[in-house]
Each structure stands twice: as C-alpha cells, then as structure tokens.
Amino acid sequence: VGVDLKKNRIYLPENERESHGVTEQALFAGRADAAYRKLIKFQVDRTQEIFDQGAPLTRELRGKLRVEIRMTWLGGTTILRKIEALDYDTLTQRPKLGKLDMAMLLAKALRAGCVPEDNLPWCFPPDEAERREAQAMACDAGWLTGADCN
C-alpha cells in the first residue's frame with residue numbers, strides 16, 4: 001500500500017476503508033493504526049479465502065501449467081503470511097519474497113506437479129528434504145553463496 005501511495009494511488013476500496021474508519025488523510029500520513037491494521041487483516045483474510053477456493057484447480061492441471069499456477073498460488077499465500085508477520089503494517093514496510101523464498105516456492109510447485117505414475121526426479125518428500133533441495137537450487141542458481149551453500 002505504501003508504494004502505491006507514493007505514486008498517488010489507492011487500491012483499497014473506499015467503502016471498505018470507510019467502514020473500517022480509515023481515511024485517505026490517514027493513509028497519506030502513513031498511520032498504520034489499529035483501524036488500518038484491521039482493514040488490511042480483512043483484505044488478507046478475504047484474499048486467503050479466494051486463494052483457498054482456487055487451490056483445487058491445480059489438481060486438475062498437469063505439467064508446466066500446473067507448476068506455474070501452483071507457483072502463483074504459493075507466492076500469493078506466502079506474501080499474505082509475510083503481511084501477517086508485519087502485523088498488517090503495509091504502509092511503512094513492504095512484504096517481499098527473497099531468493100530463498102523463491103527457491104522454496106519453486107520446489108513446492110514442482111512437487112505439486114507430481115503424480116505418482118510420472119516418477120519425476122523432483123518428486124521428493126516435503127519438510128527437511130524440501131528445504132535442502134530448495135537451498136541447493138538457490139545455490140545452483142547463484143541466489144545464495146558462501147556458508148549458505150555448504
């Protein structure tokens with residue numbers, strides 16, 4: 001939101017801002033008060049509901065398209081978690097996906113593209129193996145270096 005305000009743009013619906021008591025003046029003043037945080041929490045919760053409704057679509061797709069759609073879904077939900085971690089203050093901070101995040105998302109998306117009969121090399125178990133694989137991919141891509149790649 002903060003980035004858009006610097007460009008004199010507001011994408012938060014006016015009626016929703018009003019119902020939460022958030023004014024344009026408060027936005028441009030950069031006040032991430034309780035009313036603003038409740039508005040952003042409302043937006044995050046609604047967006048997560050929409051993402052959850054669309055999640056089953058990936059099970060209907062195969063191959064590259066399945067991976068691309070899954071990557072989009074994972075990226076969006078990861079940003080939502082990052083907004084939550086910022087305590088919904090998107091006025092003074094911007095949630096971003098880092099290089100390790102991107103590698104993790106790719107690993108998860110590739111795994112989501114797996115069906116047992118495909119027996120693809122990237123179909124590995126989740127959790128620690130997934131983290132190691134994502135880290136190795138990030139190192140191979142040059143996104144991570146040094147001690148992170150040992």
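Computed from a predicted structure; not experimentally measured.

A.B. asks: Explanation requested: the overall build of the chain in the structure shown.
C.D. replies: The number of helices and strands found in the chain is 8 helices and 0 strands. Start at the N end of the chain and walk to the C end: the helices and strands fall as α-α-α-α-α-α-α-α. For the chain, the proportion of its 150 residues judged to be buried stands at 33%. For the chain, contacts bridging at least 24 residues in sequence account for 55% of all contacts bridging at least 6. When the accessible surface of the chain is split by element, carbon and sulfur atoms take 53% of a total near 9400 Å².

A.B. asks: What exactly am I supposed to notice about helix H6 (residues 63–85) here?
C.D. replies: For an α-helix, the turn length of 3.6 residues means that residues three or four places apart are oriented alike. A rise of 1.5 Å per residue sets the reference length of H6, with its 23 residues, at 33 Å; its end C-alpha atoms lie 33 Å apart and thus fit the reference within 8%. Residues of H6 that are buried: Arg66, Val67, Trp73, Leu74, Gly75, Gly76, Thr77, Leu80 and Ile83. Where H6 terminates, the next one or two residues include Asp87, which has phi positive at roughly 55°.

A.B. asks: Can you walk me through the side chain of Asp89 in this structure?
C.D. replies: Structurally, the position occupied by Asp89 is in the loop between H6 and helix H7 (99–112). Buried charge without a salt bridge: Asp89, with Arg37 as the nearest opposite-charge side chain at an N-O distance of 4.1 Å. A distance of 2.4 Å separates a polar atom in the side chain of Asp89 from a polar atom in the side chain of Thr92.

A.B. asks: Mind showing me how you'd approach the layout of surface pockets here?
C.D. replies: The rolling of a water-molecule-sized probe over the atoms marks out the regions of remaining empty space. Size it by volume and the largest pocket reaches roughly 410 Å³. For the lining of the largest pocket, the elements supplying multiple residues, two or more each, are helix H1 (2–6) and helix H3 (24–28). In terms of residues, the lining of the largest pocket owes the most to one element, H1, which gives 5 residues. Of the residues assigned to the lining of the largest pocket, the class counts are 10 nonpolar, 5 polar and 4 charged. By volume, the second largest pocket amounts to about 170 Å³. What lines the second largest pocket is simply Val1, Leu12, Ile40, Gln43, Val44, Thr47, Ile79, Leu80, Ile83, Thr90 and Pro95. The element that contributes the greatest number of residues to the lining of the second largest pocket is helix H4 (residues 34–54), accounting for 4 residues. In terms of residue class, the lining of the second largest pocket is made up of 8 nonpolar, 3 polar and no charged.

A.B. asks: Help me understand the pattern of salt bridges in this model?
C.D. replies: Any two side chains of opposite charge can pair, on the condition that their charged atoms come close. This model, assessed by the stated rule, comprises 6 salt bridges. For Arg46, the salt bridge is made with Glu16, and the minimal N-O distance between the two is 2.8 Å. Of this pair, Arg46 sits in helix H4 while Glu16 sits in helix H2 (residues 14–19), and the two are 30 residues apart along the sequence. Taking the relative accessible area as the measure of exposure, Arg46 reaches 29% and is therefore partly exposed. A relative accessible area of 13% means that Glu16 is categorised as buried. Among the ionic pairs, Arg81 bridges to Glu84, the shortest N-O distance being 2.8 Å. Of this pair, Arg81 and Glu84 both sit in helix H6, separated by 3 residues, roughly a single helical turn. Looking at Arg81, the relative accessible area reads 35%, which means it is partly exposed.

Basis of the calculations
- Counting starts from 1 at the beginning of each chain's written sequence and moves along it residue by residue.
- Thresholds applied to this predicted model are a pLDDT of at least 70 for local features of residues and 80 or more for the giving and counting of side-chain atom pairs; totals over whole chains, interfaces and linings are not thresholded and use all residues.
- Note that water and hydrogens are dropped before the side-chain values are worked out from all heavy atoms of the structure.
- By the criteria applied, helices consist of DSSP H or I runs no shorter than four residues and strands consist of E runs no shorter than two, each listed in order from the N terminus.
- Three exposure classes are used, based on accessible area relative to the maximum for each residue type with a 1.4 Å probe and protein chains only: buried under 20%, partly exposed in between, and exposed over 50%.
- Whether two residues are in contact is decided by their heavy atoms: any pair within 4.5 Å suffices.
- Surface accessibility in these figures is a Shrake-Rupley result with a 1.4 Å probe; residues are shielded only by whichever protein chains are displayed.
- Here the expected length of a helix is defined as 1.5 Å per residue gap, with one fewer gap than residues.
- Counted as positive: Lys and Arg. Counted as negative: Asp and Glu. His and the chain ends are not counted at all.
- Criterion for a salt bridge: a side-chain nitrogen of Lys or Arg within 4 Å of a carboxyl oxygen of Asp or Glu.
- Nitrogen and oxygen atoms within 3.5 Å of one another constitute a polar contact, given that in protein one can donate a hydrogen and the other can accept it, and given that sequence-neighbouring residues count only through two side-chain atoms.
- Points on a 1 Å grid, built from protein atoms alone, make a cavity when a 1.4 Å probe fits but cannot get out and make a pocket when they are open with protein on both sides within 12 Å along at least 5 of 7 lines; residues with an atom within 4 Å of a point are the lining residues.
- Grid points are joined across faces, edges and corners, and a volume is the space filled by probe spheres set on the points.
- By the convention adopted, Pro, Cys, Tyr, Trp, Phe, Met, Ile, Leu, Val and Ala count as nonpolar, Lys, Arg, Asp and Glu as charged, and the other residues, Gly among them, as polar.

This is a description of form; function is not addressed.
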